[in-house]
Amino acid sequence: MFKRFRRLRLNENIRSLVRENTLNLDDLIYPLFVVNGTNIKNEIASMPGVFQMSLDEILKECEELINLGIKAIILFGVLEGSKKDSCGSDALSNDGLIAKSLRAIKAKFPNLVVITDLCFCEYTDHGHCGIIDPKSKSVDNDLTLEISAKQALIHAKNGADMIAPSGMMDGIIETLRKTLDKNGFENLPIMAYSTKFASAYYGPFRDVADSAPSYGDRKTYQMDFANGKEALCESLEDEKQGADILMVKPALAYLDVVKEIANHSKLPLCIYNVSGEYALLKAGQKAGVIDYEKIMLETMYAFKRAGAKLIITYHAKEVAKLLKNKE
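Just so we're clear, the structure is a prediction, and the values are computed from it rather than from any experiment. (Residues numbered from 1 in each chain as written. Predicted model: local features only at pLDDT ≥ 70, side-chain atom pairs only at ≥ 80, totals over all residues. Heavy atoms only, no water.)

The next subject is the pattern of salt bridges. Per the counting criterion, the structure on display carries 15 salt bridges. The shortest N-O distance in the salt bridge between E12 and R19 comes to 3.4 Å. In this structure, D27 and K309 form a salt bridge, with 3.1 Å as the shortest nitrogen-oxygen distance. Linking D27 in the loop between α1 (12-18) and β1 (28-35) with K309 in the loop between α10 (292-306) and β10 (310-313), this pair joins segments that are 282 residues apart in sequence. Within this structure, E12, R15 and R19 form a network of salt bridges that share partners. (Salt bridge = Lys/Arg side-chain N within 4 Å of Asp/Glu carboxyl O. Helix = DSSP H or I, 4+ residues; strand = E, 2+ residues; numbered from the N terminus.)

Take a look at the structure:
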């Protein structure tokens, strides 16, 4: 006798009982982009609904997120060009943009989980993710590790709940773990951008973060998007070095990588549903060629089905509203 799979699909209640993956508010992390100044809320043309915001507006946004039930943000600094320099000094200052933003956010919303992006591309005048080697014209890995450790301490001392180094420097997790432990932050978790590909899907992000390289590209330190086995090696190496959470970025075109890592690591896995993926769905919504909300939710479930526990997404507020409406 053949199997009648439809027995468990006959109505929504039965389908819900046997559903293999769930999506809830605890899964969502919302990216925020802070700029210097006041009363600033600039919408990004390539990313409708996403804004560069001054700290006063960021605080309003955090309150909205909490009211929606979103418990975590990832914070990016967007520095004006006049304050950028060759080594990203603002990121190393206790009076820098991220440091003062952290203090303000944690003072007003102590229970909001604030994850900080740890990188230098938003703070350097050349737009690369660390110190440039004058001979190779690429990022000097080991010198960048040194200043990354300093940046991590700035984040830790000003209240970060979790640090997420995104520069793809070899040895970054070991460097940060040793530095944090040595300075009394042994309980501060690290979310490793373990598998971050050199991807064209980041295009709109560089509009909002003002972080496009002034020359060349990032292919010498970000991963070749053709490689899957290397992606697994990167993640397992970060786990070995002391990462608490692993990440795959981008997400939608890399679900095979997500699944492979999920099958080989016991650590929680996060995906970054990046700007280009978001922009494509928004463009489809604007053109009227897709059912936007249904495709958005289907995409979120695809991430969970592939093995992700956490989802960094610009759709977070919209997803939260849909989930709350279903309660």
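Looking now at the layout of surface pockets. There is about 190 Å³ of room inside the largest pocket. Contributing to the lining of the largest pocket are E12, R19, E20, N21, Y301, R305 and K326. Grouping the amino acids of the lining of the largest pocket by side-chain chemistry returns one nonpolar, one polar and five charged. What the second largest pocket holds in volume is close to 150 Å³. Considering the residues around the second largest pocket, the lining is formed by 13 residues, among which N141, M168, D170, T220 and Y221 are closest to the centre. (1 Å grid on protein atoms, 1.4 Å probe; cavity = no way out; pocket = protein on both sides within 12 Å on 5 of 7 lines; lining within 4 Å. Points joined across faces, edges and corners; volume = space filled by probe spheres on them. Nonpolar A, V, L, I, M, F, W, Y, C, P; charged D, E, K, R; others polar.)

Let us now look at helix α5 (residues 172-182). Residues I172, I173, L176, R177, T179 and L180 constitute the buried set of α5. Where α5 is buried, its residues meet β5 (113-118), α4 (141-157), β6 (162-165), β7 (191-196) and α7 (229-241). Of the residues flanking the end of α5, it is G184, one or two places downstream, whose phi is positive at about 85 degrees. (Buried < 20%, exposed > 50% of the residue type's maximum accessible area, 1.4 Å probe, protein only. Contact = heavy atoms within 4.5 Å.)

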